[in-house]
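Residue-level structure breakdown
Single-letter residue listing:
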Amino acid sequence: MVPNEKSFPRGGTIHTDAKTAAGSSNIVFGASQKKTKKAPKQKDNLLEELIEDGTEQLEAFSAETLNMDTLQEDMLVMGVVKEASPTALQVALPGRMFARTLVADISEAYTRVAKAAMSGDTSEYHDLTELFPLGRIVYGKAIKTEQLGSNRTSLLLSLKPADVHAGLQHKTIKKGFIFSGAIEEIQEHGYVIETGIQGLQAFVSCEESKQTLHVGQVTFLKVQHIQHDTHKSTCTCVQVDQDHLKIKSQNETNLDYILPGSIVRFKVGKHLKDGLKGSIMNESFAAYINEHHLARPLDTLDAYELNQDYNARVLYVMPLTKLVYLTLNLAIKAGEDVGKESEDQVEEDDNEQVEPPKIGSVVEKAKVLRLGSGGVVLLLNKKVKGIISFGSIRANFKGNYDKDEVLSKYGRKTKHSVRILGYDVIASMYYCSDDPNVVNEKIFSLDDIKPGDLVTAKIFKRDEKIKGWAVRIGKLNGILEQFYLAPNVRYEVGQPVRCRVLEVNSDRRICYLSNRSEYLAKGLKLLTDYSNAQVGNVYTGTVVRCEDNYVLVKFGNSVKGVLHRQNLKHQSSFFEGQTTKFRIQSRSKELIALTLPEDKFQLGEICPVEVTNALDAGLEIKITFAADDLEDDEDGHPKVEEFVGLIPLRLLSDHMELLQAHMRVHPVGSLTEAACIMQNIFSLRDVPYFSGELTKVWQSVQVGDIIRSYVKHATEQVVELMVCVRDYNKPVKVHVKMLRLNAVKSAPVELVPEQLLLVKVLSKEVETKTLTVSAKLTDVWSGDLSDTAKLVEGYLDEVAQIKTRLQETSAPIAKYSVGDKISVVFKGINPESHDWVYTVDGCPKASALLLSSLAGSATAPPPGTKQQVVVLWIDYSSDVLLISNKKVDIDHISGSGDLSKNMVGKAGMKAKVLLKLESVVVCSLKKGTNPLVICPMRLHPNDVENSGSADFRQGHFCNIAFIHDKLPIAVPETVWRIWRGVKRSAAEEPAVKAKKAKVEEAPAKKKAKIEEASPKKKAKNEDPTPKKKAKIEEPTTKRKAELTNGQKKPQPLTNGVVKQNGQLFYEDKAPAKNRRIETANGTAPKSKMPGVASFWETDPDQSKDNSSDEDEEQAPVEPAKKKRLSAKEKAKAEVKEEQRLREIEERNADPNARLETIDQYERLVISQPNNSMSWLKYIAFLLSNTEIEKARDLAKRAISTISFRETQELRNVWSARLNMELAYGSNFEELLKEALNCNDPLEIYISVVDILKKNEQRERLASLLTTILNKFKSQPRVWPLVAESYFWLGKSDQVHSLLQRALKVLPNLEHVNCIVAFAKLYARNDAQDMAQTLLDDVVTSYPKRIDIWSVYVDMLIKGGNVDSARNVLERAVLQKLKPNKMQVIYKKYLQLEENHGTEATVSKVKQQAEQWVRNYAKAAVK
């Protein structure tokens, strides 16, 4: 019903004759109304007066349309089918309301047919899209329903004849009665009708050949003949089209039998402010028409003359007042017919028909016609009616606002930009919005996006059903399913995510997205339609199902294909969620057979390429090669094919500061060579490597091999690497902790995609085709600093090549070299970086820069000043010279790039750090005139901690050591001292300390014997051995140096187009001289590596002193001949041996001694087999030495050794195993299942919660908490544990509901303890108000619980609420408790006042306590 409250704008005026006592208490039904009496008659019951008194009728003075407030329960309303799906209808109702009609709400017959179809009998079943075309008029009973989880009310519309016609009686049915009936049964000569009117049987005659209706279908019928009986009536009906539902006017018609949808004659009686007032059925009933329900949308009320009759359709009848509401719009259109004018209207209009606006489109110049009923009426596209509702206008303002001021901008003929929100099929007008946020939104409807588009979505909630996320794209809803989520990415609500649209589902009004890197690749070709699936083409798809015989792949728009495993040449492993490229093998309608694409180029194949485009992401290239067929083209030339690829920016160089320089020297149209990395990805930086190395294949990979790899993805804990091995496309994972040597304290490990790392193969699983690798520096590098010198030399060669390329293009900056003395002109200071900016004198296009760190606190010269400077470095990426204007630098730096011979191999040279770049550090020697010294930032590509430059501070002095024979390349002296004696095989394992002790034992004994010999004899015995060793090792070292340092010059490549030997271009060159020598079985011979395991802990000074002794200890190659000892010598040797054994025994017996060897830890666990802490120390020791597998085996051994009665000790070891597997392994879930089977499940779950918190596993913790609550909800300690985890997860808003759940599940005896535990958690997490509320309720309900009073007071004191604590204690002392309990309270009270009060308050508490004791004694005496 329409409320009578005042709102804006409101039609109608209050008549003075209606302001009576009776009128003021009128119940309002349907519209603002008044009562007019033909004859006064006193009635006690107002409802009786409305229903029984025929001489009285409610009269409305406003023709407002229907809304959710005026819609009565079980009211009959006309609707129009706006959308239809197989299982539901969306029906438009008057007043821009919508209702849903489900399968069970059509008819009893259709429900029966639908149930049969679910059982398999579909002979009579037709879905709703066939039975209800768009624009079909229906009427039904409206039912209001509350949506779960929200305060919104939705509508259901029941079309069942039994629900709609429940109030009709068969005896009152007359000829000409029009109603809606359902086909109950189809017979040979017609249809049996389901009328819903009790006692009425209906039949529609129709020959079988002309039958078009189906069982359960609802249609309009008109009674043609009827026979009445006492208990039942029988009628014959005819089917009536919805445009011919006209009812003849009769004087005494019962309004209940004029159903919505019927057409009647309406006589205009009065023009209201918002519509027409009139009558129907020969002025028997009052009727109203809203201004939006006129015959044509743009008609005005003045077009309808008084006392004229018009055909009108019944929309609804208000149940109690019997006021009828009509529409003059008989030609209601929906679907594709919207906006199309009828033939009569086209004839009347001379103007051309205007294309109707689309939903979601923006109309720039919408003209205001007037302020109408419910909103601002607009003229769209000069011929279409629109409206901006007052509700949408009010929504733009918060708080109080001036109504007149708001509506002032909607003056007549003003123009506004609006967006079409929807179409009201009953009122034939568009409803719009002029909200700037809505109008300017780029993505508003599904028409604004299509599959394949790149969009930015915003995450707004987690969807546990799909294990993904619900997102928003503009005003649209989207879904990121689990299979299409980018791995190893943390997602949070509100986070923007770059995605590609995979599918737009118009039925569900939702779109499906993916943010995987494979779908975000530039130039992606997405398959969105079966007709576009051309045989031979390659498309990106995602594996959604894996079976033994086939793999189901999903592309865009739910296009699916099948990959049969038997069609694959090689055995390939697939997993659900894997996204890769597939080739269309065959297609038959919607059946697509797939295969894997053959790579045009294999890994490591070097190809001549032409740069076609320079992108932000890198260089787009084109490769021209001979076509597979040998036919010639029309001009007689051999046919060629073109392959388009990409060289990503990071693959242009190993050095970050040279990337943009390479972009400059490789312009569009330039020719170069690139090595294939994968499919259409090529690399410029890897050409030298693949030119001189055989490319590894899976079969040739051996344990111990050192393989080149690239970072695919890096997180704070795990790095995914792609190894350069053919036929192996799985990423290998390496833990970040395993990369660190802790050479530099708290040095961050920053890895970027495509960064180069070398890995060592630790194991090879042939069955699962997996590799386990290590990327630790000491595993992949021999420690030879000459390798570091070669890296720097390669860097300088790359810079020289860039300079040569720039010289060819006559670039100004290519004229200068490092060390040149030039004249520059000062221009000013950069306000952001504070660097001094110069231009080169005589060459204004060449810029120079004096860094602020070099300028220091010096005063800048006036602009235009000329200065003499020295070039420190040339930044070819930024096209700028880095200079120094200090006289000391100009004097000490020479232009020659060669190192003087007297400097070769020298250490301890003092140098000043001038520049610290991305890859190198530029220094100058303190004394003499020398070239600039170049030091590497990293000793090796795997030196992720930058240990080679940790000692360098810009502007400071440091000691350096030269490591190159010709070029001034150096490292810090401390680094040189650590690594100078280390030359080992990278495949070798470090020796264990225990074993090392045994090896050193023999030289120690020998040394004791030699000490007794004479000095002369000693010199004789010692001298020849090192010389002989030096002679023996000299040719070996020389030969080894030749093998490791020599480089084979790669064969020249020709830019031909001929394909030979099955390869497109040149690949797998002959191995270079520096290739690692392998034995016959493919593994390198192992050699010992003395003392490198803990080299970072070595004191540099100590290493300097001990370096000279290393040769002496390692000098004897062969044991000396044994010499008979005298009795005295034997006695001395026995004494020394006894002393050595005693020291060992004392060290082993000392419980406080530090354990450093495996033997010591073995003795510890043997002596304490049931002590879990001993086992955990042993495990930690192995983990510190990166012995992951040994640590796992030791944990298993501990579990089998500890007694089964020691449950707590076993749980400690299981917790350690789980923690270790989560940090270093990938089988956490399987290990958790095993732990649950072997231990108390609850205890294990509690331990796992702590483990997941420590490792920041938020998503896994959230799912685990759900499992714990489902399994152990009856355990009281589970609920505080989960609540604490909720606080840690940031879900504090869910803790209160969790408490309510706990109180429902736990027994009453546990309620108090549970509430107290939750209160402590609230207090611990800065929610003091909630904690106080909970404890206050508990102490009020249980005043005798002294422990809770104490907890309450302690919590308040800890939170700084001393006054609140004092008030609580004052409440506590008023309780009537036993003396022992009151003693506790007063002690607590006294302690509070002593710590936080005054002497007066302390004495007051003591007096109160004494008074209580006296009162209690008196009461006891009585």
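Residues numbered from 1 in each chain as written. Predicted model: local features only at pLDDT ≥ 70, side-chain atom pairs only at ≥ 80, totals over all residues. Heavy atoms only, no water.

The number of helices and strands found in the protein is 37 helices and 54 strands. Counting all 1422 residues of the protein, 43% fall into the buried class. For the protein, contacts bridging at least 24 residues in sequence account for 60% of all contacts bridging at least 6. (Helix = DSSP H or I, 4+ residues; strand = E, 2+ residues; numbered from the N terminus. Buried < 20%, exposed > 50% of the residue type's maximum accessible area, 1.4 Å probe, protein only. Contact = heavy atoms within 4.5 Å.)

Another aspect to go through is the pattern of salt bridges. Inspection of the entire model under this criterion finds 34 salt bridges. A salt bridge links lysine 409 to aspartate 434, with the shortest nitrogen-to-oxygen separation between them at 4.0 Å. Residue lysine 409 is located in the loop between α8 (403-407) and β21 (415-424), and its partner aspartate 434 is located in the loop between β22 (429-433) and α9 (436-439); the two are separated by 25 residues in the primary sequence. According to the relative accessible area criterion, lysine 409 is partly exposed, its value standing at 48%. For aspartate 434, a relative accessible area of 12% gives the class buried. Aspartate 879 is paired through a salt bridge with arginine 664; the nearest N and O atoms lie 3.6 Å apart. Pair noted here: aspartate 879 is in the loop between β48 (866-875) and β49 (880-884) and arginine 664 is in helix α11 (residues 659-665), with a separation of 215 residues, a long-range link. (Salt bridge = Lys/Arg side-chain N within 4 Å of Asp/Glu carboxyl O.)

This part is about the packing of helix α25 (residues 1188-1201) against helix α26 (residues 1207-1224). Direction vectors running N to C along α25 and α26 enclose 160 degrees, while the axes themselves pass 10 Å from each other. It follows that α25 is roughly antiparallel to α26 by the angle criterion. Seen from above, α25 lies across α26 with left-handed handedness. Residue-level contacts link Ile1188, Ala1191, Arg1192, Ala1195, Lys1196, Ala1198 and Ile1199 of α25 to Leu1210, Val1213, Trp1214, Arg1217, Met1220, Glu1221 and Tyr1224 of α26. Its residues placed into classes, the contact of α25 with α26 shows 10 nonpolar, no polar and 4 charged. (Axes fitted to C-alpha atoms, helices over the stretch in contact; angles between N-to-C directions. Parallel < 35°, antiparallel > 145°, perpendicular 65-115°, else oblique. Left-handed = near helix turned anticlockwise from the far one by under 90°. Nonpolar A, V, L, I, M, F, W, Y, C, P; charged D, E, K, R; others polar.)

Bridge analysis of strand β50 (residues 907-916) against strand β53 (residues 957-962) gives 5 bridges, and the strand direction is antiparallel. Considered in β53, the bridge of lysine 912 is made with phenylalanine 957. (Pairing = 2+ DSSP bridges.)

With a phi angle near 60 degrees, glutamate 283 is a residue other than glycine that sits in the positive phi range. If you trace the backbone, glutamate 283 turns up in the loop between β14 (275-280) and β15 (285-290). Residue classification places glutamate 283 among the exposed positions, given a relative accessible area of 55%.

What follows is about the environment of glycine 577. Mapped onto the fold, glycine 577 is located in the loop between β30 (560-564) and β31 (579-588). Owing to a relative accessible area of 6%, glycine 577 belongs among the buried residues under this scheme. Here the alpha-carbon distance between glycine 577 and alanine 486, two residues 91 residues apart in the chain, equals 10.0 Å. The contacts of glycine 577, once residues within four sequence positions are left out, are Phe483, Arg516, Thr542 and Val543.

Moving on, we come to the nonpolar core. In this structure, Leu771, Leu1218 and Phe1318 are the most contacted members of the largest nonpolar core, which totals 111 residues. At 9 residues, helix α32 (residues 1311-1324) tops the list of elements feeding residues into this core. Excluding residues within four positions of it along the chain, leucine 1218 makes contact with Phe1228, Leu1231, Leu1232, Ala1235, Ile1244, Val1248 and Ile1251. Ala202, Leu301, Ile388 and Ile393 belong to the second largest nonpolar core, which has 106 residues in total. (Core = buried A, V, L, I, M, F, W, Y, C linked by side-chain atoms within 4.5 Å.)

Another point: the sheet that holds β50. Strands sit in the order β52-β51-β50-β53-β54 across an open sheet of 5 strands; the sheet is antiparallel. A strand with exactly one partner marks an edge of an open sheet, and here the two such strands are β52 (933-936) and β54 (970-972). In this sheet, adjacent strand axes meet at a mean angle of 50 degrees when their direction is disregarded. Relative to β52, strand β51 (residues 920-925) runs antiparallel, the two sharing 4 bridges. Paired with valine 922 across the two strands is isoleucine 934, which belongs to β52.

Pairing in this closed barrel of 5 strands is mixed, and the strands run β28-β29-β30-β32-β31 around the ring. Ignoring strand direction, the axes of neighbouring strands in this sheet form an average angle of 55 degrees. With 2 bridges connecting them, β30 and strand β32 (residues 591-595) associate as parallel partners. Bridging from a neighbouring strand, leucine 563 pairs with leucine 594 of β32.

If you walk through the whole model with that rule in mind, you get 22 aromatic pairs. For the pair tryptophan 1412 and tyrosine 1416, a centre-to-centre distance of 5.2 Å together with 10 degrees between the ring planes defines the contact as stacked. Taken together, the residues tryptophan 1412 and tyrosine 1416, both in helix α37 (residues 1399-1421) and 4 residues apart, mark about one turn of the helix. One aromatic cluster in this structure is built from Phe177, Phe179 and Tyr257. In this arrangement the basic side chain of lysine 764 is found over the ring face of tryptophan 698, its NZ or CZ atom lying 4.7 Å from the centre. A cation over an aromatic ring shows up here: lysine 926 above the ring of phenylalanine 957, its NZ or CZ 5.4 Å from the ring centre. (Phe/Tyr/Trp six-rings, centres within 6.5 Å; stacked < 30°, edge-to-face > 60°. Lys NZ or Arg CZ within 6 Å of the ring centre and 35° of its normal.)

Take a negative patch on the surface next. Negative charge collects at one region of the surface, where Asp121, Glu124, Glu184 and Glu185 lie side by side. For aspartate 121, a relative accessible area of 46% gives the class partly exposed. (Patch = residues over 30% accessible without salt bridge, like charges linked within 9 Å, V, L, I, M, F, W, Y side chains within 5 Å. Areas by Shrake-Rupley, 256 points an atom, 1.4 Å probe, with all protein chains shown as cover. Lys, Arg positive; Asp, Glu negative; His and termini not counted. Charge placed at Lys NZ, Arg CZ, Asp CG, Glu CD.)

Detailed reading of the predicted model is not advised wherever pLDDT is low. Summary statistics for the protein give a mean pLDDT of 79 and a share of 81% for residues scoring 70 or more. Across residues 1-57, where pLDDT falls below 50, the model places 95 contacts with residues more than four positions away in sequence or in other chains. Across residues 984-1120 the pLDDT falls below 50, and counting only partners more than four positions away or on other chains, this stretch makes 152 contacts in the model. (pLDDT = per-residue confidence, 0-100.)

Below, the discussion takes up the packing of helix α33 (residues 1328-1341) against helix α34 (residues 1346-1358). Across the interface, α33 lies against α34 with an axial gap of 10 Å and an inter-helix angle of 160 degrees. When the axes of α33 and α34 are compared, the pair comes out roughly antiparallel. The element α33 and its partner α34 pack so that their crossing is left-handed. Mapping the contact onto sequence places Gln1328, Ala1331, Gln1332, Leu1335, Asp1336, Val1338 and Val1339 in α33 and Ile1348, Trp1349, Val1351, Tyr1352, Met1355 and Leu1356 in α34. When its residues are assigned to classes, the contact of α33 with α34 shows 10 nonpolar, 2 polar and 1 charged.

Looking now at α32. The end-to-end C-alpha separation of α32 is 20 Å, in line with the 20 Å expected for 14 residues at 1.5 Å each. Turning to α32, its buried residues number three or more, namely His1311, Val1312, Cys1314, Ile1315, Val1316, Phe1318, Ala1319, Leu1321, Tyr1322 and Ala1323. Structurally, α32 contributes buried residues whose contacts are with α30 (1278-1289), α31 (1295-1305), α33 and α34. Among the residues trailing α32, aspartate 1326 stands out with phi positive, at a value near 60 degrees. (Expected span 1.5 Å × (residues − 1).)

Taken together, Lys461, Lys465, Arg472 and Lys475 make up a surface patch of like positive charges. Summarising the element assignment, lysine 475 is placed in the loop between β24 (468-473) and β25 (476-480). Given the relative accessible area of 41%, lysine 475 is considered partly exposed.

Looking at where tyrosine 491 falls in the secondary structure, it is placed in the loop between β25 and β26 (496-505). Along the sequence, tyrosine 491 and glycine 468 sit 23 residues apart, while their C-alpha atoms lie 9.9 Å from each other. Every residue in contact with tyrosine 491, bar those within four places of it in the chain, is listed here: Ile459, Trp469, Leu485, Ala486 and Asn515. A distance of 2.9 Å separates a polar atom in the side chain of tyrosine 491 from the backbone oxygen of alanine 486. At 3.0 Å, the side chain of tyrosine 491 and the side chain of asparagine 515 are in polar contact. (Polar contact = N/O pair within 3.5 Å; in protein donor to acceptor, adjacent residues only side chain to side chain.)

Its place among the elements puts valine 718 in strand β40 (residues 718-723). For the pair valine 718 and lysine 733, spaced 15 residues apart in the sequence, the C-alpha separation amounts to 6.6 Å. With sequence-adjacent residues up to four places away left out, valine 718 is seen in contact with His713, Lys733, Val734, His735 and Val736.

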